[in-house]
Amino acid sequence: MLCQRCKKREATISRKENIDKKDYVFYYCKQCYTEFCGPLAFSAGESFADILRDDKKNIAKCPVCHTTIEEYQQTGLLGCATCYDVLKQELLPYIRRIQGKDMHVGKVLKEDHNKHDLIKELTALQEKMERALKGKRFIEASLINARIVEINKILYGGRLDD
């Protein structure tokens with residue numbers, strides 16, 4: 001894509017601007033961006049969060065709501081969803097301490113957990129019964145089958161068509 005300003009060089013920088021409550025993205029070459037918007041505030045090795053850090057204090061600041069990690073430490077509140085992305089590295093220790101993990105795994109209801117355990121047991125019993133039948137251990141297969149029928153009644157209420 002060509003630079004939207006000079007229309008000569010390849011655009012390598014995009015700039016998002018909100019004009020009249022609408023978001024627009026402009027694409028510039030490095031030279032036009034520097035002339036039009038000022039010198040580049042970052043180098044190729046820096047991340048987006050590094051760009052948003054205040055040089056004087058080296059503090060990350062949310063570009064949307066301007067929340068800093070100090071404000072979070074004082075209030076325990078973030079200003080918006082973007083804060084999670086921008087302040088991620090600073091927030092991880094707090095999240096680990098509060099939640100015990102830094103990855104969401106969700107909840108399993110007790111009844112669903114039991115159902116899950118029963119399905120796992122059912123699968124294991126079916127494999128065990130197949131091995132018993134192949135080994136011609138019919139009494140063992142009969143006992144395993146009885147437990148399979150029991151589990152199916154619990155899971156499906158006696159209906160084996162589900």
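All residue numbers here refer to positions counted from 1 along the written sequence of the relevant chain. In keeping with the predicted nature of the model, local features appear solely for residues at pLDDT of at least 70, side-chain atom pairs appear and are counted solely at 80 or more, and the whole-chain, interface and lining totals rest on all residues. Based on all heavy atoms of the structure, the side-chain values leave hydrogens and waters out of the count.

### A short note on the environment of C29
Using the following cut-off: Helix and strand labels come from DSSP, where a helix needs a run of H or I of at least four residues and a strand needs a run of E of at least two; each type is numbered from the N terminus. Think of it in three bands: residues with accessible area under 20% of the maximum for their type are buried, residues over 50% are exposed, and the middle band is partly exposed, with areas taken using a 1.4 Å probe on protein chains only.
When you line up the elements, C29 lands in the loop between β2 (22-28) and α1 (30-37). On the accessibility criterion, C29 (2% relative accessible area) is buried. Placed 26 residues apart in sequence, C29 and C3 show a C-alpha to C-alpha distance of 5.2 Å.

### Considering helix α7 (residues 138-156)
Where we set the bar: Every helix has an expected span of 1.5 Å times one less than the residues it contains.
Taking 1.5 Å of rise per residue, the 19 residues of α7 would be expected to cover 27 Å, and the 26 Å separating its terminal C-alpha atoms lies within 8% of that figure. Positive phi shows up at G157, right after α7, with a value of about 60 degrees.

### So, the pairing of β2
Rule in force here: Two strands are said to pair when DSSP picks up at least two bridges between them.
Inspection of the sheet shows strand β1 (residues 13-19) paired to β2 by seven bridges, in the antiparallel sense. Each residue of the ladder has a partner; that of I19, found in β2, is K22. Joining the antiparallel neighbours β1 and β2 is a turn of two residues, in which D20 adopts a positive phi near 50 degrees.

### Topic: the environment of A141
Convention followed: By definition in these notes, contact holds between two residues if any of their heavy atoms fall within 4.5 Å.
Mapped onto the secondary structure, A141 falls in helix α7. Separated by 15 residues in sequence, A141 and Q126 have C-alpha atoms that sit 9.5 Å apart. Beyond its immediate sequence surroundings of up to four residues, A141 is in contact with M129, A132 and L133.

### Brief notes about the layout of surface pockets
Rule in force here: For each structure, a 1 Å grid was placed over the protein atoms alone; sets of points admitting a 1.4 Å probe that cannot get out are labelled cavities, open sets with protein on both sides within 12 Å along at least five of seven lines are labelled pockets, and lining residues have an atom within 4 Å of a point. Grid points are joined across faces, edges and corners, and a volume is the space filled by probe spheres set on the points.
The volume enclosed by the second largest pocket comes to roughly 160 Å³. Forming the walls of the second largest pocket are Y72, G76, L77, L78, Y84, L91, Y94, I95, I98 and Q99. The greatest single-element share of the lining of the second largest pocket, amounting to five residues, is contributed by helix α5 (residues 88-99).

### Things to note about α5
Those residues of α5 that fall on the buried side of the exposure criterion are L91, L92 and Y94. Residues of α5 that are buried make contact with α3 (69-75) and α4 (82-86). Looking one or two residues beyond α5, the residue adopting positive phi is G100, at roughly 90 degrees.

### Some thoughts on unusual backbone geometry
Despite not being glycine, K7 has its phi angle at roughly 55 degrees, a positive value. Summarising the element assignment, K7 is placed in the segment before β1. Overall, K7 belongs to the exposed group, its relative accessible area being 55%. A positive phi angle, near 65 degrees, is found at H66, a position not held by glycine.

### Observations concerning the pattern of salt bridges
Note the following rule: In what follows, salt bridge is the name for a side-chain nitrogen of Lys or Arg lying within 4 Å of a carboxyl oxygen of Asp or Glu.
For the structure on display, the rule yields three salt bridges. Between R147 and E150 there is a salt bridge, with the nearest N and O atoms lying 2.7 Å from each other. With R147 and E150 both in helix α7, this residue pair falls three residues apart, about one helical turn. Put simply, E121, R147 and E150 are held in one network by salt bridges that share partners.

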